[in-house]
Amino acid sequence: MSQLAGSKPRNEERLFLTVTLIVALVFGTGFCFLIFSLNSREKGAGGAAGNSAPRLIAPDHPRQLIDFSLTDRSGRTVTRAELNQKILVVDFLFTSCSLTCPVVNRCLAQIQQLTTNQPDVQLVSLTVDPRDDTPEVLAKYGERFGADTNRWLLLTGDKTAIHGLIATSFLPQDLDDPFTYMPGNFSHTDRIALVDAQGNVRGYFDGLNQNTATAVVEEINRLRKGL
Amino acid sequence: MKHLNYFIVVLLLAIAGCKPKPAAPDAGSAGIKFYDAHGVIRQIASDRHSATIQHDAIAGYMPAMTMEFPIKDTNELNGLAPSDEITFRLTVGEKEDWIEGIRFISHRIENVTNGMVMVHETMPELKTGDLLPDCELADENGDRIQFSDFRGRALAFTFFFTRCPLPDYCPRMSKNFSETRQLLLNTPDAPTNWQFLSISFDPDFDQPEMLASYAKFFRNNNPDRWRFAAASTNAIAQLAPQLDLMVVRDRTGISHNLRTVVLDPQGRIAHQFDGNEWTPQQLATALTVAAGKK
């Protein structure tokens, strides 16, 4: 358009440009947002590990801590009665597991530290491999993570009993899990379970996330407030 | 190319009027509907024309319950028994319904305490004296082999993977096998009907060439009575519960425990070594004892 065309068409042109710009902005932002959200969804689905904020994962169905009688690393018998009215932080391990278990247990060690003056919080590790993980083996393993004998139980026992407890109270069994082959076919053994003082499984946190310890402690605080 | 294939598949499915993963029900011809279901057999009728199945919720049809279903083809029940976990297809016509396409998943060992405990495993853990069910493996020459190929010999087998980085784990097992074999070869009055077999649980990576070069190193160029093989994921899934073996993969590698088993010449479990604290001398003794079993 030339200057000779006068002011009217110029205004129209300006209006057209403005509308185009707004449309472009709206679509552009929308598009960017779409890309961003797809991206973050991919990340969320793709991996457990990392620094993203860990969230509480609900149990697959309502789960409760059942009665049990197992053996602590000290050789002492531990039953459910001993844990009544306690908030439990539970993980699952086999001591010859070299990749995920040490990460999850370092997280439990962190939680132990963060809850030093909270006697209502009890840490519990359940072995899925009781044939290897005798009380002596667990004692050595506990030392490696600075597990306080008063605050952190490492339990083993009869395979049927310990697998029964894990299957009923904690972990789903997936026969088709392509990543895990073990007696009991447990899935998600790298999760940390949180049990409220009434014995209900509140949910799970990803034991491989480096922010899980803080998230567990925050969730414990919410539990105490009855939230 | 992959995308193009996918596109064609989607297009074909769209033309055929169904989705890639059809949500139940699947409409068939003449008003017949199909529902995929999953459950545990509780009872099989004596005429085998019906079975009582405790099934999960059948999406779009009924909630989880235990009920009797008619079966048209009694061959569908071959080899099945109560407590078997199955998948099946419920077929609902205008006037009748029946189940078909029954597929065995596992035999459930149910252990009820407190009214709610249920642990199910594909196979029970084997004890000394039990026959190890056969299982196919791919060996270093690319041949399919199975445990029964070694009948007549005492067989020592253990699990490993070539990428295993921890000296206390797989390399220790291979070193122990090497020393045990040497002990037997050096003992003048030792039996000669023995065999070693190292089984990898990393079949994708441990292809025959990889196994062969790993074997070369530990066998010191002498392949006498020591074979290397890889187990498929199906084989591992089958062996893990029977031998109390644990294999957990993640993005960075494989976590596992150690199980070393000695079979007698009939394929029965003669001895099991857990962990890594057994010695070549102990294994040589166990093999010698097993080799003499009738």
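Residues numbered from 1 in each chain as written. Chains lettered and ligands numbered in written order. Predicted model: local features only at pLDDT ≥ 70, side-chain atom pairs only at ≥ 80, totals over all residues. Heavy atoms only, no water.

Peer 1: How should I be thinking about the pattern of salt bridges in this particular structure?
Peer 2: Side chains that differ in sign of charge can pair as their charged atoms come close. In this structure the tally under the stated criterion is 24 salt bridges over all chains. We note a salt bridge from Lys-175 of chain B to Glu-179 of chain B, for which the minimum N-O separation is 3.6 Å. With a gap of four residues between them, Lys-175 of chain B and Glu-179 of chain B both fall in helix H2 (residues 170-186), about one helical turn apart. Judged by relative accessible area, which is 36%, Glu-179 of chain B ranks as partly exposed. If you follow the salt bridges from partner to partner, you end up with Asp-129, Arg-131, Asp-132 and Lys-159 of chain A together with Glu-125, Asp-244, Arg-259 and Asp-274 of chain B in one network. (Salt bridge = Lys/Arg side-chain N within 4 Å of Asp/Glu carboxyl O. Helix = DSSP H or I, 4+ residues; strand = E, 2+ residues; numbered from the N terminus. Buried < 20%, exposed > 50% of the residue type's maximum accessible area, 1.4 Å probe, protein only.)

Peer 1: What's the story with the interface of chain A and chain B in this structure? I'm lost.
Peer 2: A common way to state how big an interface is: give the accessible area lost once the parts meet. If you look at the interface, chain A gives 33 residues, while chain B gives 39 residues. In total, chain A and chain B occlude about 3,000 Å² of area from one another, counting both sides; carbon and sulfur atoms represent 54% of this. Three residues stand out in chain A for area buried against chain B, namely Arg-131, Leu-175 and Tyr-181 of chain A, and they jointly supply 28% of the buried area on that side. One can count seven salt bridges joining chain A with chain B. (Contact = heavy atoms within 4.5 Å. Buried area = accessible area lost by both parts, 1.4 Å probe.)

Peer 1: Would you take a moment to explain the state of the cysteines for this structure?
Peer 2: Here, the word disulfide means a covalent bond between the sulfur atoms of two cysteines. Applying the stated criterion to the full structure yields two disulfides over all chains. Residue Cys-97 of chain A pairs covalently with Cys-101 of chain A via a disulfide, S to S 2.2 Å. Because the sign of the S-S torsion sets the handedness, a value of about 105° for the bond joining Cys-97 of chain A and Cys-101 of chain A places this disulfide among the right-handed ones. One disulfide bridge connects Cys-164 of chain B with Cys-170 of chain B, the sulfur atoms lying 2.5 Å from each other. (Disulfide = S-S within 2.5 Å.)

Peer 1: I would appreciate a short explanation of the sheet that holds strand E7 (residues 191-195) of chain A in the present structure.
Peer 2: What holds strands together in a sheet is hydrogen bonding between their backbones, with the strands either parallel or antiparallel. Residues and elements named next belong to chain A. One open sheet holds the seven strands; their spatial order is E2-E1-E5-E4-E3-E7-E8, and the pairing between them is mixed. Only two strands of the sheet have a single neighbouring strand rather than two, namely strand E2 (77-79) and strand E8 (201-206). With strand direction ignored, the average angle separating the axes of adjacent strands in the sheet is 35°. Helix H2 (residues 100-114) rests against strand E3 (87-93), strand E4 (121-127), strand E5 (152-156) and E7 of the sheet, and its axis sits at about 160° to E3. Contacting E3, E4, E7 and E8, helix H5 (residues 212-224) runs over the sheet at an angle of about 165° to E8. (Pairing = 2+ DSSP bridges. Axes fitted to C-alpha atoms, helices over the stretch in contact; angles between N-to-C directions.)

Peer 1: Explanation requested: the confidence of the model for chain A in the structure shown.
Peer 2: As a general rule, the predicted coordinates of low-pLDDT regions are not to be interpreted in detail. All names here are of chain A. For chain A, the mean per-residue pLDDT works out to 83, and 78% of the residues sit at or above 70. The low-confidence segment residues 1-9 (pLDDT under 50) makes one contact with residues lying over four places distant or belonging to another chain. Across residues 23-49, confidence stays below pLDDT 50; counting only partners more than four residues off in sequence or on other chains, it has eight contacts. (pLDDT = per-residue confidence, 0-100.)

Peer 1: What should I look at first to understand helix H5 (residues 280-291) of chain B in this one?
Peer 2: The α-helix winds at 3.6 residues per turn, so residues separated by three or four positions along the chain end up facing the same way. All names here are of chain B. Taking 1.5 Å of rise per residue, twelve residues should cover 16 Å, and H5 covers 16 Å from first to last C-alpha, within 8% of that figure. For H5, every residue scored as buried is listed here: Pro-280, Leu-283, Ala-284, Ala-286, Leu-287, Ala-290 and Ala-291. Looking straight down H5, one finds its buried side chains confined to an arc of 165°; they lie on one side. In this structure, the buried side of H5 is in contact with strand E9 (154-160), H2, strand E10 (194-200), strand E14 (259-263) and strand E15 (269-274). (Expected span 1.5 Å × (residues − 1). Arc of directions from axis to C-beta.)

Peer 1: When you look at the pairing of E10 of chain B in this model, what are you seeing that I'm missing?
Peer 2: Moving residue by residue along a regular strand, the side chains alternate between the two faces of the sheet. Residues and elements named next belong to chain B. Across the seven residues of E10, seven count as buried, placing the element largely inside the fold. Residue alternation in E10 divides its side chains into two sets, Trp-194, Phe-196, Ser-198 and Ser-200 and Gln-195, Leu-197 and Ile-199, and both sets are buried. In terms of strand pairing, E9 meets E10 through seven bridges, oriented parallel. For Phe-157, the partnering residue across the bridge sits in E10 and is Leu-197. Here E10 pairs with strand E11 (residues 226-231) via five bridges, running parallel. Residue Phe-196 lies in a different strand from E11, and its bridge partner there is Trp-226. Handedness of the crossover joining E10 and E11 through helix H3 (residues 208-219): right-handed. (Right-handed = clockwise from strand over helix to strand, strands pointing away.)

Peer 1: What exactly am I supposed to notice about the packing of aromatic side chains here?
Peer 2: When we look at a pair of aromatic rings, we describe it by the centre distance and by the angle of the planes. Residue and element names in this part refer to chain B. Counted by the stated rule, this structure contains 19 aromatic pairs over all chains. Ring geometry for Trp-194 against Phe-196: centres 5.7 Å apart, planes inclined by 70°, an arrangement best described as edge-to-face. Since its relative accessible area comes to 2%, Trp-194 is described here as buried. A relative accessible area of 0% places Phe-196 in the buried class. Look at Phe-196 and Trp-226: their rings are 6.4 Å apart centre to centre, the planes differ by 55°, and that puts the pair in the tilted class. Note that Phe-196 is positioned in strand E10 and Trp-226 in strand E11, a separation of 30 residues in sequence. Taken together, the aromatic side chains of Phe-160, Phe-177, Trp-194, Phe-196, Tyr-214, Phe-217, Phe-218, Trp-226 and Phe-228 make up a single cluster linked through ring pairs. Lying over the aromatic face of Phe-34, Arg-89 brings its terminal NZ or CZ to 4.1 Å of the ring centre. Here the guanidinium or amino end of Arg-225 rests over the ring plane of Trp-194, the centre of that ring lying 4.0 Å away. (Phe/Tyr/Trp six-rings, centres within 6.5 Å; stacked < 30°, edge-to-face > 60°. Lys NZ or Arg CZ within 6 Å of the ring centre and 35° of its normal.)

Peer 1: When you look at the pairing of E9 of chain B in this model, what are you seeing that I'm missing?
Peer 2: Residue and element names in this part refer to chain B. Summarising burial for E9: seven of the seven residues are buried, a large majority. On E9, burial covers both faces: Ala-154, Ala-156, Thr-158 and Phe-160 on one face and Leu-155, Phe-157 and Phe-159 on the other are all buried. After leaving E9, the chain enters H2 and then returns to the sheet as E10, a path that is right-handed. In this sheet, E14 lies alongside E9 in antiparallel orientation, the contact comprising four bridges. When the bridges of E14 are listed, Phe-157 appears paired with Val-261.

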